[in-house]
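Analysis of the macromolecular model
What follows is the residue order along each chain.
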Amino acid sequence: MPHFGDFQNEIYFGGLHGHIPKFPMCYRDLEARAAQAMAPGVLSYVAGGCGDERTQDLNAEAFNHWGVIPRMFVGAVKRDLSVNLFGMQLPSPLFLAPVGVIGICDQDGHGDIATAKAAAQSKVTMVSSTLMQDPMERVAQEFGDTPNFFQLYTPTNRDLAASLVSRAEAAGYKAIVVTLDTWVTGWRPRDLTTSNFPQLRGLCLANYFSDPVFRKLLARPVEEDPVAAVQMFGRVFGNPLTWEDLPWLRSLTKLPLIFKGICHPDDARRAIDGGADGIYCSNHGGRQANGGIAAIDMLPAVVKASGNTPVLFDSGVRSGSDVAKALALGAAAVGIGRPYAYGLAIGGAAGVSHVIRCILAEADLLMAVNGFPTIADLRGAAIPAPPWSRVPT
Ligand SMILES: Cc1cc2nc3c(=O)[nH]c(=O)nc-3n(C[C@H](O)[C@H](O)[C@H](O)COP(=O)(O)O)c2cc1C
Ligand SMILES: O=C(O)C(=O)c1ccccc1
């Protein structure tokens, strides 16, 4: 079984030197390259966050609050980064977080499909957003052996929600991720300035326009009156869910049900009591509310409250060492959002695969160097960094 870290040897010794200038090797360069490649409105949409973006910035900076302490005399020649999630064996702990309207990042406008191809090729789980440019059934045709999940933005119409979930089941998605923090979008100055949000809406409704329940809500077929269809979407999108809705959400599927956007341990406990199979600790990459605590700093408490229930994590993950830290703090799997959107913008599916390879190579080599052959060995290895920490004595 090749290691993810073998990518480094390929570059050094495998004649891939030409590869290096083609794609950036770290997040800083990736971000800069993407900023040049993307149209200004698209860049603001992806790069932007809520308010003055302090929470967004803090998400990434706060990884510096934590450090992994290396262990020697381990000789971690063989590493295993696979994880078991809901009984499914995933080859890597990394996954692609749902990014709505991802299609606009892709040069040929089919970003959901390009991303699915890259995920399949990299054996990394993709979580597909409800807001897709191609219908979920089409995207599912690209799935390889790796399980992929469907992210539900719960519409106010319950039959429509049920229809989206049952279509996802039929198409072969292996878990349902319900996002809780975005029934209304947050205050996003960059989007408000460039005013591209209305246009984006029309580009991400394939799952609605292809849905039999949604189509029945319309007076005339989508094809004849797309404007009315977009208006109908505006009316049904965005369900401010409460705990009262939890039994209904649970009743929608027998697939593993994961709640995204949970940062408070009490919410984790209550969701698990209500039947959640997984908790997804995230603050939406700082896009929804400013003024919050970095998601990684909330992770340990959420993991503790969740007991044996797996906790997925995203927000601010930019590198392999970030992945290792999140795993060490108890995440069952770790997601990236903006990094792969930028990979897509600069190189389509190949760009996404490249970003994934870089992150996994760094994580794998960190585990090699620091003496952690498996993710189980890594657990508990991150401690608060100075000046807060107490180093082991
Ligand atoms: C452009 C963009 C669109 C997003 N769309 C969705 C979405 O449709 N559904 C969802 O649950 N989260 C969405 N998110 C949030 C991501 O799933 C994830 O929580 C966030 O990007 C993680 O932070 P990071 O970008 O710092 O890695 C989106 C994020 C970005 C950047
Ligand atoms: O931008 C986002 O983060 C997001 O989740 C979203 C919400 C509504 C429409 C498009 C994207």
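How each quantity is defined
- Residues numbered from 1 in each chain as written.
- Chains lettered and ligands numbered in written order.
- Predicted model: local features only at pLDDT ≥ 70, side-chain atom pairs only at ≥ 80, totals over all residues.
- UniProt positions renumbered as here; feature names shortened; annotations may be inferred.
- Buried ≥ 20, exposed ≤ 12 C-beta atoms within 10 Å, placed from the backbone.
- Helix = DSSP H or I, 4+ residues; strand = E, 2+ residues; numbered from the N terminus.
- Arc of directions from axis to C-beta.
- Near = placed C-beta within 6 Å.
- Nonpolar A, V, L, I, M, F, W, Y, C, P; charged D, E, K, R; others polar.
- Axes fitted to C-alpha atoms, helices over the stretch in contact; angles between N-to-C directions.
- Parallel < 35°, antiparallel > 145°, perpendicular 65-115°, else oblique.
- Left-handed = near helix turned anticlockwise from the far one by under 90°.
- Contact = placed C-beta atoms within 7 Å.

- The name an unreviewed UniProt entry assigns to the protein is Lactate 2-monooxygenase, from the organism Camelimonas lactis.
- UniProt, in its Cofactor (unreviewed entry) section for the protein, records the words "FMN".
- You can read under Sequence similarities (unreviewed entry) in the UniProt record for the protein the words "Belongs to the FMN-dependent alpha-hydroxy acid dehydrogenase family."

Digging into helix α13 (residues 226-236)
- Residues A229, M232 and F233 constitute the buried set of α13. The buried side chains of α13 occupy one side of the element, clustering within an arc of 105° when seen end-on. Facing away from the buried side of α13 by over 90 degrees, the exposed positions are V227, Q231, G234 and R235.
- Where α13 ends, the next residue or the one after it, G238, has phi of about 95°, a positive value.

Overview of the site of ligand 2
- What surrounds ligand 2 is the set G100, V101, L131, T182, T185, H284 and R287.
- Taken together, the residues that form the shell around ligand 2 break down as 2 nonpolar, 4 polar and 1 charged.

A closer look at the packing of helix α15 (residues 265-273) against helix α16 (residues 295-306)
- The contact between α15 and α16 brings their axes to 8 Å, and the two run at 30°. On the basis of their axis angle, the class for α15 and α16 is roughly parallel. Crossing angle aside, the handedness with which α15 passes α16 is right-handed. Of the residues in α16, those in contact with P265, A268, R269 and I272 of α15 are A301, V302, K304, A305 and S306.
- Here the contact of α15 with α16 is composed, by residue class, of 6 nonpolar, 1 polar and 2 charged.

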